[in-house]
Amino acid sequence: MIELTNVTKRFGATEVLRGISLSIAPGSALAILGPNASGKTTLLKCMLGLTRPDSGEIRINGTPIGASAEYRRWIGYMPQHPHFPENLRAAEVIELVKQIRGLSAPVEAPYIEQFRLTSELHKPIRALSGGTRQKLSAVLALMSSPTILILDEPTAGLDPLAAHTLKTELQHCRQRGCTLVLTTHVLNDIPELVTEVVFLLEGRIVFRESVPQLFAESNSRHFSEALVHRLQRS
Amino acid sequence: MRGTLWVLWEFQLRNALRSRWVLLYGGGLLLLTALLFRFGGTAEQVVVSLLNVVLLLVPLVALLYGVLGISSAREFLELMLAQPLQRQELFWGTFGGMALPLLLLPPLSIGIPWLVFAGGRWELLLTLSLGSMVLSLIGAAAGVAFALRWEERLYAIGVAFGFWFALTILYDGFILWAGIALRDYPIEHGLLLALVLNPVDLVRVATLLQLDAAALLGYTGAALERFAGSTLGILLAAGALALWCVLPLWLALRGFLRKDF
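First things first, this report covers the structure right here in the doc. (Residues numbered from 1 in each chain as written. Chains lettered and ligands numbered in written order. Predicted model: local features only at pLDDT ≥ 70, side-chain atom pairs only at ≥ 80, totals over all residues. Heavy atoms only, no water.)

### Thoughts on the sheet that holds strand E3 (residues 29–33) of chain A
Sheets are built from strands that pair by backbone hydrogen bonding, the pairs being arranged parallel or antiparallel. All names here are of chain A. Here is the rule we go by: Two strands make a pair as long as DSSP finds a minimum of two bridges between them. Going along the chain from the N terminus, every DSSP run of H or I of four or more residues is numbered as a helix, and every run of E of two or more is numbered as a strand. All axes here are fitted lines through C-alpha atoms, helices being fitted over the stretch that makes contact, and every angle between N-to-C directions spans 0 to 180 degrees. Contacts are residue-level and defined by heavy atoms, with any inter-residue pair within 4.5 Å sufficient.
Strand order across the open sheet formed by six strands is E6-E7-E8-E3-E9-E10, with mixed pairing between neighbours. Edge positions in the sheet fall to strand E6 (75–78) and strand E10 (204–210), since each has one partner strand and no second. Within the sheet, the average angular offset between the axes of one strand and its neighbour, ignoring direction, is 15 degrees. Bridge count between strand E9 (residues 196–201) and E10: six bridges; the pairing is antiparallel. Residue Val198 lies in a different strand from E10, and its bridge partner there is Arg208. Most of the contacts of helix H5 (residues 160–175) go to strand E7 (residues 148–152), to which it runs at about 150 degrees, and overall it touches E3, E6, E7 and strand E8 (179–183).

### Describing the nonpolar core
Operational definition: Throughout this description, the term nonpolar core refers to a set of buried Ala, Val, Leu, Ile, Met, Phe, Trp, Tyr and Cys residues connected via side-chain atoms within 4.5 Å. Each residue is assigned to one of three classes by its accessible area relative to the maximum for its type, calculated with a 1.4 Å probe on protein chains only: buried under 20%, partly exposed between the two thresholds, exposed over 50%.
Judged by nonpolar contacts, the single largest core of 161 residues is most densely connected at Leu43, Met47, Leu140 and Leu149 of chain A together with Met80 and Phe95 of chain B. With 15 residues, helix H6 (residues 122–149) of chain B is the largest single contributor of residues to this core. Every residue in contact with Leu43 of chain A, bar those within four places of it in the chain, is listed here: Leu4, Leu17, Ile20, Leu22, Ile32 and Leu200 of chain A.

### A look at the packing of aromatic side chains
Inclusion rule: Two aromatic rings, drawn from Phe, Tyr or Trp (for Trp, its six-membered ring), form a pair once their centres lie within 6.5 Å of each other, and the interplanar angle then sorts them: stacked below 30 degrees, edge-to-face above 60, tilted otherwise. By the criterion adopted, a ring carries a charge over it if an Arg CZ or a Lys NZ lies within 6 Å of its centre and within 35 degrees of its normal.
In the structure shown here, the tally under the stated rule is 16 aromatic pairs over all chains. Taking 5.4 Å as the distance between ring centres and 90 degrees as the angle between the ring planes, the aromatic pair formed by Phe37 of chain B and Trp114 of chain B counts as edge-to-face. Here Trp114 of chain B lies in helix H5 (residues 87–118) and Phe37 of chain B lies in helix H2 (residues 20–40), a separation of 77 residues in the sequence. Exposure remark for Phe37 of chain B: the relative accessible area of 7% places this residue in the buried category. Taking 5.7 Å as the distance between ring centres and 5 degrees as the angle between the ring planes, the aromatic pair formed by Phe91 of chain B and Phe95 of chain B counts as stacked. Here the residue Phe91 of chain B and the residue Phe95 of chain B both occupy positions in helix H5, the gap between them amounting to four residues, near one helical turn. Per residue, the accessibility class of Phe91 of chain B equals that of Phe95 of chain B, and both read buried. An aromatic cluster is built from Phe91, Trp92, Phe95, Phe256 and Phe261 of chain B, whose rings are joined through pairwise contacts. A cation sits over an aromatic face here: Arg230 of chain A above Phe207 of chain A, 4.4 Å from the ring centre. For the cation-ring pair, Arg38 of chain B lies above Phe39 of chain B, with the distance from its terminal atom to the ring centre recorded as 5.5 Å.

Quick look at the structure:
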């Protein structure tokens, strides 16, 4: 369970989050949508403790997130722009995260195979393409079998095959009861990945609605049209 | 299972030791020391020449290394902070792994040719090594603090350059001007204060006090020697340098703990 109560965040004169209250039930799948600079990434970073809210409270499975870093053991995270130390190899980065999380079994092996990363594992990171780094980021997020996945633009930069693989893996995670929170600008991905949508504008929640309801209200088969229809009503 | 700090150190160390810049820095210093011994003469003469290199080059390299180490790893630090790691743990793991090769390279690069060519005067090697390690630590910590304070990489590099320029060039000009313009006034205590405020000058004076090279001490070194004598002067300089090590490290840690990534 992820609970945000009246979360605000300001960067200088810009108020990025304005009193966000949100409750995400275990096992649900939610997309946070909105235009650029609407506060989506900041909201995800607040959930992870990367950015500290100015006020309000965030609890994950009942634990206030400021108290300890242990709650992150339940979370897998894919950042928007994955960067790794250039002189190391993908296998070393995987090993680092495994050691930090106390994982000893080859938990990464099935994901490496799924994302066809085997031949890239021992190349220096600087030799890897952006898409390959994104696949590595996906492996790091998925390999610890987290109960919560927080993904910032997960399919950006992935080739269609890798994007399909990732979506399939995310569906498997959901079947296991994993909570999924993501942001994306690829609206076609939304109906495949999530059941609910939160729309942010200038740091405020404009609406929260289920995907089937959005389709039903708009009588459209395309998610983008359904979204525009809903926004026109707001 | 090994401790998290050790895991982070090992990882950062491996990354640093594969960096071409680190190898170039270490190799360059080693070659320079060997050439100075080959053509420069005695250990004392080599120390005086190397001292200038250490005072100018080491803080600059450390500052830039600190700034670039953090600003180029920002997204990776985000990923690390999304792991079950305390911020303090991540800071010491990252900084320790980054700074260790920087701290060890000058003593090694100077020490190996020293072992081959000098074969004695170990106290001079120790002073120079400790001085270079202290300047590396202060520079790296200050660089990290700048990179955490100013997200724009070029701006942080500019601030680091300004800091280095103030400590190494402007400071000397100021002391020279003060020594000439205020020569009719009792400025000795002011010079001592100026010395304590500059770690680069502290290393210079502490090393030269070991050499008994009075002519090279300059205004601040002469003031310290007159005030405290050689031995106490070295101890005072060492104490001030210890404080200098703590200050930028504390600023960097505070910046890291408060940083919104």
